[in-house]
Amino acid sequence: MDAKARNCLLQHREALEKDIKTSYIMDHMISDGFLTISEEEKVRNEPTQQQRAAMLIKMILKKDNDSYISFYNALLHEGYKDLAALLHDGIPVVSSSSGKDSVSGITSYVRTVLCEGGVPQRPVVFVTRKKLVNAIQQKLSKLKGEPGWVTIHGMAGCGKSVLAAEAVRDHSLLEDCFPGGVHWVSVGKQDKSGLLMKLQNLCTRLDQDESFSQRLPLNIEEAKDRLRILMLRKHPRSLLILDDVWDSWVLKAFDNQCQILLTTRDKSVTDSVMGPKYVVPVESSLGKEKGLEILSLFVNMKKADLPEQAHSIIKECKGSPLVVSLIGALLRDFPNRWEYYLKQLQNKQFKRIRKSSSYDYEALDEAMSISVEMLREDIKYYYTDLSILQKDVKVPTKVLCILWDMETEEVEDILQQFVNKSLLFCDRNGKSFRYYLHDLQVDFLTEKNCSQLQDLHKKIITQFQRYHQPHTLSLDQEDCMYWYNFLAYHMASAKMHKELCALMFSLDWIKAKTELVGPAHLIHEFVEYRHILDEKDCAVSENFQEFLSLNGHLLGRQPFPNIVQLGLCEPETSEVYQQAKLQAKQEVDNGKLYLEWINKKNITNLSRLVVRPHTDAVYHACFSEDGQRIASCGADKTLQVFKAETGEKLLEIKAHEDEVLCCAFSTDDRFIATCSVDKKVKIWNSVTGELVHTYDEHSEQVNCCHFTNSSHHLLLATGSSDCFLKLWDLNQKECRNTMFGHTNSVNHCRFSPDDKLLASCSADGTLKLWDVTSANERKSFNVKQFFLNSEDPQEDMEVIVKCCSWFADGARIMVAAKNKIFLWNIDSCSKVADCRGHLSWVHGVKFSPDGSSFLTSSDDQTIRLWETKKVCKNSAIMLKQEVDVVFQENEVMVLAVDHIRRLQLINGKTGQIDYLTEAQVSCCCLSPHLQYIAFGDENGTIKILELVNNRIFQSRIRHKKTVWHIQFTADEKTLISSSDDSAIQVWNWQLEEYVFLQAHQETVKDFRLLKNSRLLSWSFDGTVKVWNIITGKIEKDFVCHQGTVLSCDISHDATKFSSTSADKTAKIWNVSNGELLHLCAPLSEEGAATHGGWVTDLCFSPDGKMLISAGGYIKWWNVVTGESSQTFYTNGTNLKKIHVSPDFKTYVTVDNLGILYILQTLE
């Protein structure tokens, strides 16, 4: 070793000895060929970590320059970057010319890229399979920077993951083909919740600086889109490696123009995705020579010197790299037992008791059993404890420290013995080590120890309770994420039902978990453990699940919403509300602000029956012709039939091999048709459940099916992702007609009541009508335009219609999009009604035969039955956002305009409504003593209605344009109004005198009356002005914003005023000199994170210490600090105005859904 390198090592020896963990450093050096197995044993025999480090450094000092370089690279790879930096100056010059480790040929660039991307290290003993590695690299280079798929497929345990990792351990491949990096995802067998967690973790890794979004994606569709943007903008030309993919539907989440390498046992998984595809098959067994090579490396002998038994052992291992490694690890410890281990393998005495695994690997069972039996007695039971680990889950060391009540070093020493014997695997990226088992090892352990599993799970929960309180886990704890994800799983597996219910029915746990991982996984757990939670209290379980689903879009926000405030919006009978109320009262005593929604009981639930027959999303539900039965199908692959009146189950059929997307009763109720992702259409006997027909002519998943309405000549229509509709005659074996015309998937089809037309909805954004007799296209509608005319936020504009249902008269059709259902008149294209209630995407809508009710089915796992009349009636009294409020003692009186421009007076406390008059009202207001109401219209006219005798007074001078705001003075004698004509009119309606305030250059946005005949106005011109309404003169003029001033208010002491603008800022100003005092919470790059959009109204508290703002939601601010005190999230958005009582304790607003909110501070 060079003197410079040697001196550098000696100089920093003390720091190295104090910090490094030798086990993993030695693995790298053994892999590089600069440390022998016997030297490793010598280091291990030292009693303490520090002495082991001292022994290793002593050995390195006696070696050459390449050993120094190998040690340096090992430090870098294991996360000891600070220690590696100390040795950097001593690196001998010889290595820097190539930049490669002299043996492995891996550059430090490759090490860094793979380490950052989470690519697993080489196994303890590694044998290269050059032919296969080269084949994978050739296929990867064929992608040429374009999106595509390279699939490595083969049996379990054949080494696919090791080959995938080895293929990217190549400098030129990474530099030329994937300069954006490599990102490894261990997928495994997943449900939708598990996949969402994997996607969330990947998005977090790819966006560590949160430059794209501060919150996690809340569903798979959003995660797919986020991933697409991140790969395109932040990590262009990078490679995504998906390890151990089981299902084709999983790949759809990654089918977004990425370059992907995947390992799988089923090469057909890529059939459902787009782009170039290349396949590399891996033989199920190692060749004899490769097997012998692995054994020779384990026992440190030349291949030619291996005993005869070695050949027989390879044969008995059936070529499995995993099994050969297990036997090799045993022979390394006991090199004289060749004959013994061969006989053990041949005797097959360790056969599985149950063949419940997906595989039947006798050789693996034998090798695992032998390896476990040969463990030292004092550590054998620790390996049994690993039976509770789940597949594809990497467990932090800290979890096992808690389980075994040991220090980190003690635990790592035990686990390293398992790793050395190939009984466990370790992911060592950085200083934090994570351990995992191969899927087949998990199968072996759970079967071998099945009788102990409950106690083992109980043990880990008991230990957890000694160390942690569930809701106090914090991100700086290494084991935090493990407990959040798997604590409920361990409790359920331990049959600790009381503890599980206490955990899941806790607002503290819900807050802590959703703040870190969002609500999706928790919702999944409520479904997964529903049979346990319902034992405790079915209603409480439903309360919490509905709360999570209903607020899911909020629980992924940054900053995280106050969960207690969200809980206070639940019905008063809900357990969530009761817990929230209890916590809120305690916090109110300490000065915290909380709001009660006092009129929420007037918001009625319109659905008549809610049932949950499925264990996953419900994709479709339909009535039988006689209305007595309901059939439903969904993601759990089943067809269910139950009674419409009570929900009693009649049939449950395992209908298809994949998700069942649609079902339909025949007109005579004899048959039920189902169609599925498996591309098949099936016909069933509706009473017995017997299979009658199977059709399989579609080339993609079949999305919809529907029978004709007449049984005279029964036909079935089906629509598919292959863009075609097909008509089937049940008396024929083949399709009768195929209909061409859609350019994307056909989502839904429905025969008209007279069977002459077939309506179809497609992902191409159109609704088409087909002639059933000729199969020709009759009409095509652009459905999107219906939504452009609706009053919903712009986000709904791009939503494609999921499904449709004809009304009995054929004149109306019902359609569903996202979580809303709309009823449309076909001729006028006008919306008749919409209804809310589902907590997630609606997949299906269907009228009952008489049209009196309709069914909807949703991702929230519910089927809801609605009464058509109630829904339409409810929609008829939707409030507009033009309201005025008068607060009198304990009364709150609200004057509102409904969607047909009718004035109504609402008692906020009792909910009583008085309908006053019908007029084309653009704005309205109440007089302070409730004697008069005033209203303006689009023609500029202003009228006053005297409530006692219904007398009407009309202004002589009209505004030139629409009147937007009017307000009485305190004495009720004067009415002030503003309009699009930029003028403010002061009308003394009793004396018929007028004063005009004219100075704004653009439309006056709004105004506010102050004391002493003063008025504050603000405008689209960006200015705020103070007027004297008697003289009509300006007293103060402020230029506050570059954009439109949306709202203003002045503090009661008249020293401060606030302004908000279309630039999405809120500012607080000094009245006397115009100085800016505060800018309230500037926005993040993501957009309207602080206020939820434009701030449209503001109001100071009487003491001037608090400010309330309305925008996307309502926020309360501390004026002194500029910080938010509380947020109230309304069901809708785009609030226009907030009305505040004089004591600043009651607040009234209406959202864009027409829902009235009367809020009161909790005391």
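Residues numbered from 1 in each chain as written. Predicted model: local features only at pLDDT ≥ 70, side-chain atom pairs only at ≥ 80, totals over all residues. Heavy atoms only, no water.

**Re the side chain of H706**
Working step 1: Relative to the helices and strands, H706 resides in strand β19 (residues 702-707).
Working step 2: A polar contact of 3.0 Å, which involves the side chain of H706, links it to the backbone nitrogen of F751.
Working step 3: With sequence-adjacent residues up to four places away left out, H706 is seen in contact with A664, L715, L716, A717, C749, R750 and F751. (Helix = DSSP H or I, 4+ residues; strand = E, 2+ residues; numbered from the N terminus. Polar contact = N/O pair within 3.5 Å; in protein donor to acceptor, adjacent residues only side chain to side chain. Contact = heavy atoms within 4.5 Å.)

**With respect to the nonpolar core**
Working step 1: Ranked by internal contacts, the top residues of the largest apolar core, which has 114 residues, are Y383, L386, W404 and F418.
Working step 2: In terms of residues, this core owes the most to one element, helix α25 (residues 480-493), which gives ten residues.
Working step 3: Looking at this core, you find at least three residues from each of domain 3 (288-362) and domain 4 (454-460 + 470-583).
Working step 4: Look past the residues within four positions of W404 in its chain and what remains in contact with it is Y382, D385, L386, V411, I414, L415 and K459. (Core = buried A, V, L, I, M, F, W, Y, C linked by side-chain atoms within 4.5 Å. Buried < 20%, exposed > 50% of the residue type's maximum accessible area, 1.4 Å probe, protein only. Domains from an automatic or database assignment.)

**Considerations on the environment of I152**
Working step 1: With respect to the secondary-structure elements, I152 resides in strand β1 (residues 148-153).
Working step 2: Between the C-alpha atom of I152 and that of K267, which follows or precedes it by 115 residues, the distance is 7.9 Å.
Working step 3: If we ignore the near neighbours within four places in the chain, the residues touching I152 are I136, K160, A164, L261, L262, T263, T264, V280 and V282.

**Quick look at the side chain of T674**
Working step 1: For T674, the position within the fold is in strand β16 (residues 671-676).
Working step 2: According to the relative accessible area criterion, T674 is buried, its value standing at 0%.
Working step 3: Within the structure, the side chain of T674 is placed 2.8 Å from the side chain of H656, a separation counted as a polar contact.
Working step 4: The contact partners of T674, leaving out residues within four places of it in the chain, are L639, H656, V660, C662, C663, K680, V681, K682, W684 and C705.

**A look at the sheet that holds strand β47 (residues 1014-1019)**
Working step 1: Taking strand neighbours across the sheet as the criterion, the four strands line up as β46-β47-β48-β49 in an open arrangement whose pairing is antiparallel. Single-partner strands in this sheet number two, and they are β46 (1004-1009) and β49 (1033-1039). The average undirected angle you get between the axes of adjacent strands in this sheet is 20°.
Working step 2: Here six bridges tie strand β48 (residues 1023-1028) to β49, and the two strands are oriented antiparallel to one another. Opposite K1025, over in β49, you have D1037 as the bridge partner. (Pairing = 2+ DSSP bridges. Axes fitted to C-alpha atoms, helices over the stretch in contact; angles between N-to-C directions.)

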